[in-house]
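# Summary of structural features
This is what each chain is made of:
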Amino acid sequence: MRLIARFFAFLFGTLTLVGLVGAAVAGYIVWHYSQDLPDHAQLANYEPPVTTRVHAADGTLLAEYARERRLYLPIQAMPRLLIAAFLSAEDKNFYKHGGVDPEGLARAVVTQFRRGSGARQQGGSTITQQVAKNFFLTRDQTVERKIREALLAFRLEATFSKDKILELYMNQIFLGSGNYGVAAAALNYFGKSVHELTVSEAAYLAALPKAPSNYHPINNRDAALGRRNYVIDRMLENGYITREDAQAARAESLVASFRQLSPNAYAAGFFAEEVRREIVDRYGNKKLLEGGLSVRSTLDPRMQVLARKALSDGLVRYDEARGWRGAQERIPPQGDWGIPLAEVQGLTDVDPWRLAVVLDVTPTEARIGLQPARLSGGQVDRKRETGIIQADGVRWTNRPLPRVFNPGDVVYVEPIAGQEGRYRLRQVPEISGALVAMDPHTGRVKAMVGGFSFDKSEFNRATQALRQVGSSFKPFVYATALDNGYTPSSIILDEPIELDQGNGEIWRPENYDGKPTGPRTLRYGIEQSKNLMTVRLARDLGMPLVAEYAKRFGIYDDMLPVLAMSLGAGETTVLRMTAAYSMMANGGKRIRPTLIDRIQDRWGATIYRHDERQCNPCTAEAWNDQDEPRIIDTRERVIDPMTAYQITSILEGVTQRGTAAQLRALGRTFAGKTGTTNDAKDVWFVGFSPDLAVGVYLGFDKPQSLGSRATAGTYAVPIFSAFMKEALAGKPNLQFRVPPGIKFIRVNARSGQRTTAGDPLAILEPFKPNTAPPENYSFGEATAGGIVVPGGTIGSSTGGLY
């Protein structure tokens, strides 16, 4: 008996000693590996990289920019079904354990032992351990890393609530295909918010954390289905779904509709890139890619599509008039032509154009094969489409079909509306151009097209191309005159003039048609775009004054004050010119052109707003018989509002009687000015209705003549017309707003003097107070070029001869 007692005493002592030694060793291990553990408390202020999203003015998602595609979602906003799926797949005892799950660990060890040492390791990490690993540790499969992982898990559990840990996990986890977090994955795999996911879809997302690439829904479909069904079974086992739900979910096919978001869907590649550049300039690239900004742009998607079509149609019209240049490239037309054709890189933003290969050619038609699409996994679609191009589809080439095509030619084609299976030949134009549409009252850019194709060239000709503006600058010379004592009826000589350049050279400017017309009104000088009148007027005003007004309008920052600049020899951008014309349209108020209305940070706080007007009474919490809030417009005036109306009225005459008279066919109120530079290297038209300003430019990237007979009226005005016809469709035809003080007087359009209603040349001219022509004269008369002018006014007053 004593021997047995001694044995148990010895055993107890030994076990106690072993326990003490074990506790000491464990304590040492904990102490040793706790020395340099990361500060887990920093997760309290965790701000993960979040996607920046750019929206159009109507809320449509336009573009996303991210280093890690993630949309942060608070745990309270996550549906219980999705949480159940992840808990079933990763850690069913999450809400029971303290960071490390002994049951899960034991299960993993037993499973691994049964499978053998060569089998893939069975994970036993809890969600808390995965958070510790994902945020602070490497992925090394070592004992040291597992110890540190467990220690961090205990600390996380002691510091944060279970919901907070789960929130961190479900927003941080990588779920394949560039997606981080459940919100981005749901959107990009299934095109849904997390609240719209089915049991099957939620289970698939929960299946991904183990090895996203191994469970790709297309490339590894069988494995993906197996893992998804495993998660569904675990959800059933854990009581989250019914047996009927599980059966229906397992029977559901796995259909991943990978979301392809591109600004090209709205023909807005140039617009989105300009927004991206502005954000980077303001906040830096890191903020763009990680800051989770919400950007509300000024883009009108409908107007953008119309702008792209109007410009591209105009560029194609010019290009096709110069003939067919040949196929893009050649491939073998025999066998399965779809595979080599799919490898040809085409432009993705020229819809409805498509690449096609010519299969065979006869004198009456060419049979073509259309480029097959690529599936989500990158494979070429097995479907093959063919079509026909007949003689009318190549009429613009002025060649018969056999001289246009050879079998194997890869070309662009466009479907003919209403004729299924029939196409017309297209070619990418060599000429470039730009179009900007702007709200003249706010500077908000509603549409911007910087070239034929963003895929072809990202260079934005609306904002980056500095080109001579030609005669489209003349209105600012005349606005300067109107703001400094001239009237629309002031007489200016349209006669040859010689100017000494100071270096021994004589400059002899000429009108476009080479013909002087004698004394004419200031209005006539703009309507008919007379160079001689403009130079004479600029000389009288003084170019330093003209340069000052050009700076006020934002056309140039520091214009060289030489007379050639009055004819548009200076270079600027389409965006600046459109903004300058907008200031005439809005009554002379300064605007800042913008593509961004508002920017909010990841928490919803506004960090930028284009509209700087303040409305302090607007914050009142209740109505207490106070006055209605008034928003005070503090914008600077660029010119007098009456001057702005006068130049607008003259520019309206350009569209009625002048170089853009073809716009009369639209039956709407427009004002604007054409511009054609020397040798017709650039053509412009900038114009506006009362509430929409549009600038159009055409020219080659490497300047060259558009042709000896090319004019803005031939190429730029039709683009403006096509765009405005659709953009303003269904809207009332408004008239330009007349400011107080303007007085309309009937004058003769040739002489500028008062006349009667029966005069065939009579027009109503707007005058400022005390500047109208006199009703009668009591003194002698002088004659200038056949026009009777009051004798005392020649060269001496606003009604005189210059």
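It should be noted that the structure appears before, not after, this text.
Residues numbered from 1 in each chain as written. Predicted model: local features only at pLDDT ≥ 70, side-chain atom pairs only at ≥ 80, totals over all residues. Heavy atoms only, no water.

## A short note on the environment of F670
Selection rule: Per the convention used, a helix needs a DSSP run of H or I reaching at least four residues, while a strand needs a run of E reaching at least two, with both numbered from the N terminus. Should any heavy atoms of two residues lie within 4.5 Å, those residues are considered in contact.
Along the chain, F670 turns up in the loop between α21 (641–656) and β22 (671–676). The sequence separation of F670 and A693 amounts to 23 residues, and the corresponding C-alpha distance is 9.5 Å. Not counting the four nearest positions on each side in its chain, F670 is found in contact with L651, E652, T655, L663, F688, S689, F720, M724, L728 and F736.

## Thoughts on a nonpolar patch on the surface
The following threshold applies: Only residues above 30% relative accessible area that lack a salt bridge enter a patch, with like-charged residues linked at up to 9 Å and the nonpolar side chains Val, Leu, Ile, Met, Phe, Trp and Tyr linked at up to 5 Å. The Shrake-Rupley method, run with a 1.4 Å probe, gives the accessible areas here. Residue values count only the displayed protein chains as cover. By convention in these notes, a salt bridge is any Lys or Arg side-chain nitrogen within 4 Å of a carboxyl oxygen on Asp or Glu.
The grouping of V738, F744 and L764 at the surface amounts to a nonpolar patch, some 260 Å² of accessible area in total. Position of F744 among the secondary structure elements: in strand β25 (residues 743–748).

## Some remarks on empty space enclosed by the protein
Operational definition: Cavity and pocket criteria rest on a 1 Å grid covering protein atoms alone: a 1.4 Å probe that fits but cannot get out defines a cavity, protein on both sides within 12 Å along at least 5 of 7 lines defines an open pocket, and an atom within 4 Å of a point defines a lining residue. Grid points are joined across faces, edges and corners, and a volume is the space filled by probe spheres set on the points. Note on residue categories: nonpolar means Ala, Val, Leu, Ile, Met, Phe, Trp, Tyr, Cys or Pro, charged means Asp, Glu, Lys or Arg, and polar means any other residue, Gly included.
Throughout the structure, instances matching the rule amount to one cavity of 30 Å³ or more. What lines the largest cavity is N264, A267, A268, G269, F270, R308, D349, V449, G451, F452 and F454. Partitioning the lining of the largest cavity into residue classes produces six nonpolar, three polar and two charged.

## Section: the layout of surface pockets
The calculated volume of the second largest pocket comes to roughly 1200 Å³. Around the second largest pocket, the lining comprises 37 residues; the ones closest to its centre are L347, T348, V350, D351 and W353. Only α13 (301–320), β7 (354–361) and β10 (409–415) provide two or more residues apiece to the lining of the second largest pocket.

## A few points about the packing of helix α2 (residues 80–90) against helix α8 (residues 199–207)
When two helices pack together, their arrangement is captured by the angle between the axes and the distance separating the axes. Heads up, the rule is: Note on definitions: angles span 0 to 180 degrees between N-to-C directions of axes, and those axes are lines fitted to C-alpha atoms, for helices only across the stretch in contact. Here the angle decides the label: under 35 degrees means roughly parallel, over 145 means roughly antiparallel, 65 to 115 means roughly perpendicular, and every other value means oblique. Note on convention: near helix rotated counterclockwise from far helix by under a right angle means a left-handed crossing. Clockwise means right-handed.
Interhelical geometry of α2 versus α8 gives an angle of 45° and a closest axis separation of 8 Å. As judged from the angle between their axes, α2 and α8 are oblique. As for the relative orientation of α2 and α8, their crossing is right-handed in sense. In this structure, α2 contributes L81, L82, A85, F86, A89 and E90 to the contact, and α8 contributes V199, A202, A203, L205 and A206. Here the residues of the contact of α2 with α8 sort into 10 nonpolar, no polar and one charged.

## Description of the sheet that holds strand β21 (residues 606–609)
What counts is decided by this rule: When DSSP locates at least two bridges between a pair of strands, those strands are taken to pair.
The strand order across the open sheet formed by five strands is β2-β1-β5-β20-β21, and the pairing between neighbours is mixed. The strands lining the two open edges of the sheet, one partner per strand, are β2 (61–65) and β21. With direction set aside, neighbouring strand axes in the sheet form an average angle of 15°. The pairing of strand β5 (residues 294–297) with strand β20 (residues 596–600) spans four bridges and is antiparallel.

## Quick word on the pattern of salt bridges
As a reminder of what qualifies: The buried label goes to any residue with under 20% of its type's maximum accessible area, the exposed label to any with over 50%, and the partly exposed label to all in between, with areas taken from a 1.4 Å probe on protein chains only.
This structure, assessed with the given rule, holds 42 salt bridges. The shortest N-O distance in the salt bridge between E290 and R67 comes to 2.6 Å. Taken together, the residues E290 in helix α12 (residues 285–290) and R67 in the loop between β2 and β3 (69–70) connect sequence positions 223 residues apart. Looking at E290, the relative accessible area reads 18%, which means it is buried. Residue R523 pairs with E527 through a salt bridge whose shortest N-O separation is 3.1 Å. Taken together, the residues R523 and E527, both in helix α17 (residues 522–527) and four residues apart, mark about one turn of the helix. The class of R523 is buried, set by a relative accessible area of 5%. Since its relative accessible area comes to 5%, E527 is described here as buried.

## Let's talk about unusual backbone geometry
Cis geometry marks the peptide bond from D351 to P352; its omega dihedral reads 15°. Although it is not a glycine, A680 adopts a positive phi angle of roughly 55°. Its place among the elements puts A680 in the loop between β22 and β23 (682–689). Its relative accessible area of 7% is what places A680 among the buried residues.

## Considering the sheet that holds strand β13 (residues 445–449)
With antiparallel pairing, five strands are arranged side by side in an open sheet as β13-β12-β24-β23-β22. Both edges of this open sheet fall to β13 and β22, since each of them pairs with a single strand only. Going from strand to strand, the sheet's axes swing by 5° on average, the running direction of each strand aside. Most of the contacts of α21 go to β22, to which it runs at about 65°, and overall it touches β22 and β23.

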